[in-house]
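Observations on chain architecture
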Amino acid sequence: MAATAGRCGATEEVLAYRRIGAYHSLTFVAPDMAERARPGQFVSLGVAGGGTLLRRPFSIYAVSRHGPWAGTIEIVFDVVGPGTRWLSGLVKHDVVDIVGPLGRLFPMPQQQVGCLLVGGGYGAAPLLYLAQRLQQANLRVDIVLGAATQDRLFNAIEAKRLSASAVFTTEDGSYGTHGRVTDVIERMFKDGGIGVVYACGPMPMLAAVSRVAQRHRIAVQVAVEEAMACGVGVCMTCVVPYRRDGDVANVRACVEGPVLNGRKVVWDEIGRQPVGDVATGDTATAANPALRP
Amino acid sequence: MTAVDPRAGASRLRSDQVDLRVDLGPLRLDNPIVTASGCFASGREIERFFDIARLGAVVVKSLTLEPRGGLPTPRMAETASGMLNAIGLQNPGVEQWLATELPWLQALGVPVVVSIAGKTVAEYRMLAEYLRGQPGVVAIEANISCPNVDDRNVVFACRADATREVIQQVTRVATVPVFAKLTPDVTDIAGIAEAAVAAGATGVSLINTLLGMAIDVETRRPKLAAVTGGLSGPAIKPVAVRAVHQVHQALPDVPIIGMGGVRTVTDVAELMLAGAKCGGRRHRDVRQPAGRHRAARGAAALVR
């Protein structure tokens, strides 16, 4: 591994910043990362501002390996705190410290099966990257994207372009079907033809999609969203309870994931004290109680 | 390479390198940069970023007798110039680690300091027994910032008598130097360090995280599932410098491994000027995994 030392991290130049609906996107000139990146993987960015120290992880949305700017990678984000606010202020030629590509990628189907891609909010970003790859492999791609409101649906035009059919849901009914993604995928499973589901979005959505897929005995690969500190497997912050070797283990979303088998994630145990485990912190509190002033 | 002789430092030094060797009592390291326990995992994760064999030593994540799954999520909360964590010592257990992880580190030829954590004094002794005569293991770091289940969960390192008891049991069976890792959450850290040394510790590692807590005012819930957690990062570096200084003043001959919020060359130099023999990096691995060796050279230049 020593030969790869140093190759995972670099200072890269911003090629473009743009808005995509309610979201933000940054494209970096990063030929080496572009060469190695695969759908489902992420990069982590060093950010400044507001005393923030931890890197921020982002799924890779698009990769260009050729073209006038050599290789580029593009990420999508929402402004949720000081780190992402700082990122949204970057302009062309600024430089950012990037580590990546990191994590496990979406596995490609081994057979000619129909692929259903289910995205929530900007969780659609890595799925659109995957859709390109699936199409290149001559696989049928259907896409379902959901969000709270129309402006938080990520890149519906691109989803239509990259799929045989694209369905949209909004919780306020402002666009597409009024409801949630799970309201429409059930029917699609019944219609048949789907061999694998790929999903990315908020954890409750991934849990719901995985349960529906499991009921229909359809393979499901999810890219999970867990808070990370290091992004490279050392800090054990981003763990997800996962069935492995007949047992449940806390696996790291940044190394064993972010793409995990949705049927093996123990969704009900996320955020709960594992049964039979010994709390080693200074409090053995299993639940996280509300505080009263 | 199978065994690492603690005294074999010179053989790893090339002619074009500066002599950065440090002596921690009977233990000699090639350079004063070590990893801080808890930020290194098995080492394989970090090996992607730089050659870990160039470190003075690696301090591995604390091992327990039984495998531990750790605490529920959320396990981390970012705070101003730092972070809180409550991981719960997730680790594969000492037996599994010896079988699968130690051989890999041995093959790299890097000196290994094994951090151990127990719930009782007896557990610490048993862990030290597992490590007897293990090739490549050059020291034990007793992480005694753990609750003692035999004493109402009072943290060992918060009491001089409990500290003495653990270190006595560990040094009785250990075949390598023992360092006591202390918490700064005490009234008199020099007094605790004194107890550890009197019980046979070669030196002390300063500091562990400070116990902290953060609340999400929107949800009115603690940000960590475990409610409280350890504060690390640059926010605690002045506390580390102070603790190193106090212990060094009280016990000038005792080797100190300094750590706490170390990110840069200057940070390592600061800890060394306060009295530490070498510096461990915790936060740095989380934020910036590469570039540690640069720190080693710079620190030596500044201190000399």
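Residues numbered from 1 in each chain as written. Chains lettered and ligands numbered in written order. Predicted model: local features only at pLDDT ≥ 70, side-chain atom pairs only at ≥ 80, totals over all residues. Heavy atoms only, no water.

Some words on the overall build of chain A
In terms of regular secondary structure, chain A is built from 6 helices and 15 strands. Within the span of chain A, comprising 293 residues, buried residues form 53% of the whole. Taking all contacts inside chain A whose residues are at least 6 apart in sequence as the whole, residues at least 24 apart take part in 62%. Within the structure as shown, chain A displays about 12,500 Å² of accessible surface, and the carbon and sulfur contribution to it stands at 51%. (Helix = DSSP H or I, 4+ residues; strand = E, 2+ residues; numbered from the N terminus. Buried < 20%, exposed > 50% of the residue type's maximum accessible area, 1.4 Å probe, protein only. Contact = heavy atoms within 4.5 Å. Areas by Shrake-Rupley, 256 points an atom, 1.4 Å probe, with all protein chains shown as cover.)

Regarding the sheet that holds strand β10 (residues 177-178) of chain A
Residues and elements named next belong to chain A. One open sheet holds the 7 strands; their spatial order is β10-β9-β8-β7-β11-β12-β15, and the pairing between them is mixed. The sheet is open, and its two edges are formed by β10 and β15 (259-261), each paired on a single side. Pairing geometry for strand β9 (residues 165-170) and β10, over 2 bridges, is parallel. The residue of β10 that forms the bridge with Thr170 is His178. (Pairing = 2+ DSSP bridges.)

Details of the pattern of salt bridges
Residues and elements named next belong to chain B. For the coordinates displayed, the defined rule picks out 20 salt bridges over all chains. Ionic pairing is found between Glu101 and Arg44, a salt bridge with its closest N-O pair at 3.1 Å. Of the two residues, Glu101 sits in the loop between α2 (94-100) and α3 (102-108) while Arg44 sits in helix α1 (residues 44-47), which places them 57 residues apart along the sequence. Given the relative accessible area of 35%, Arg44 is considered partly exposed. (Salt bridge = Lys/Arg side-chain N within 4 Å of Asp/Glu carboxyl O.)

Description of the pairing of strand β8 (residues 141-147) of chain A
With 7 of 7 residues buried, β8(A) is to be regarded as a mostly interior element. Considered for its hand, the β-α-β crossover made up of strand β7 (residues 114-120) of chain A, helix α3 (residues 124-136) of chain A and β8(A) is right-handed. (Right-handed = clockwise from strand over helix to strand, strands pointing away.)

A few points about the pairing of strand β5 (residues 72-77) of chain A
All names here are of chain A. For β5, the buried fraction is high: 6 of the 6 residues fall into the buried class. Burial along β5 is two-sided: Thr72, Glu74 and Val76 facing one way and Ile73, Ile75 and Phe77 facing the other are all buried. Of the strand pairs in this sheet, strand β2 (residues 23-29) and β5 are connected by 6 bridges, and their pairing is antiparallel. Looking at β5, one finds that Thr27 is bridged to Glu74. Alignment of strand β4 (residues 56-64) against β5, held across 4 bridges, turns out to be antiparallel.

Quick look at the sheet that holds strand β13 (residues 210-213) of chain B
Residue and element names in this part refer to chain B. The 4 strands lie next to each other as β5-β6-β16-β13, forming an open sheet whose pairing is antiparallel. With partners counted over all chains shown, the strands left at the sheet margins are β5 (76-79) and β13, one partner each. Taken over all neighbouring pairs, the strand axes of this sheet differ in orientation by 40 degrees on average, direction set aside. Direction of pairing for β13 relative to strand β16 (residues 228-232): antiparallel, over a ladder of 4 bridges. Looking across to β16, one finds that Gly212 is bridged to Gly229. (Axes fitted to C-alpha atoms, helices over the stretch in contact; angles between N-to-C directions.)

Overview of the side chain of B:Asp267
Among the structural elements, B:Asp267 can be located in helix α8 (residues 265-274). At 2.8 Å, the side chain of B:Asp267 forms a polar contact with the backbone nitrogen of B:Arg263. (Polar contact = N/O pair within 3.5 Å; in protein donor to acceptor, adjacent residues only side chain to side chain.)

Digging into the state of the cysteines
All names here are of chain A. One pass over the structure, following the stated rule, counts 0 disulfides over all chains. No disulfide involves Cys115; its nearest neighbouring cysteine sulfur is the one of Cys200, lying 16 Å away. Here Cys115 falls in the buried class, since its relative accessible area comes to 0%. The thiol sulfur of Cys230 is not disulfide-bonded, and the nearest other cysteine sulfur, from Cys235, lies at 3.7 Å. A relative accessible area of 2% means that Cys230 is categorised as buried. (Disulfide = S-S within 2.5 Å.)

Here we look at the nonpolar core
Of all hydrophobic cores here, the largest spans 117 residues; its most connected members are A:Val197 and B:Leu182. Excluding residues within four positions of it along the chain, A:Val197 makes contact with A:Leu116, A:Val118, A:Phe189, A:Val209, A:Ala213, A:Ile218, A:Ala219, A:Val220 and A:Gln221. Counting 30 residues, the second-largest nonpolar core is a separate cluster that includes A:Ala131, A:Val141, A:Ala156 and A:Val259. (Core = buried A, V, L, I, M, F, W, Y, C linked by side-chain atoms within 4.5 Å.)

Observations concerning helix α6 (residues 203-215) of chain A
Residue and element names in this part refer to chain A. For α6, which comprises 13 residues, the first-to-last C-alpha distance of 18 Å matches the rise-based estimate of 18 Å (1.5 Å per residue) to within 8%. Listing the buried residues of α6 in full gives Met203, Met205, Leu206, Ala207, Val209, Ser210, Val212 and Ala213. Along its buried surface, α6 packs onto β7, α5 (181-191), β11 (194-200) and β12 (219-223). Of the residues trailing α6, Arg217 is marked for its positive phi of about 55 degrees. (Expected span 1.5 Å × (residues − 1).)

A few points about the confidence of the model for chain B
Residue and element names in this part refer to chain B. On average, residues of chain B score 87 in pLDDT, and 87% of them are at 70 or above. Note that residues 1-10 has pLDDT below 50 and, in this model, 24 contacts with residues that lie over four places away or in other chains. A low-confidence stretch, residues 289-293 stays under pLDDT 50, and its non-local contacts, those more than four residues away or across chains, total 20 contacts. Interface confidence for the predicted complex, expressed as ipTM, amounts to 0.83; the pTM equals 0.87. (pLDDT = per-residue confidence, 0-100.)

Description of unusual backbone geometry
Cis geometry is adopted by the peptide bond preceding A:Pro101, which originates at A:Gly100 and carries an omega value of -5 degrees. Mapped onto the fold, A:Pro101 is located in strand β6 (residues 95-102). That bond from B:Thr73 to B:Pro74 is cis: its omega, 0 degrees, falls within 30 degrees of zero. Relative to the elements of secondary structure, B:Pro74 occurs in the loop between β4 (58-59) and β5. Of note, A:Asp245 is a non-glycine position whose phi angle comes to about 50 degrees, a positive value. Relative to the elements of secondary structure, A:Asp245 occurs in the loop between β13 (239-244) and β14 (247-252). Within the chain, B:Asn153 stands out as a residue other than glycine whose phi angle is a positive 60 degrees. Mapped onto the secondary structure, B:Asn153 falls in the loop between β9 (147-148) and β10 (154-155).

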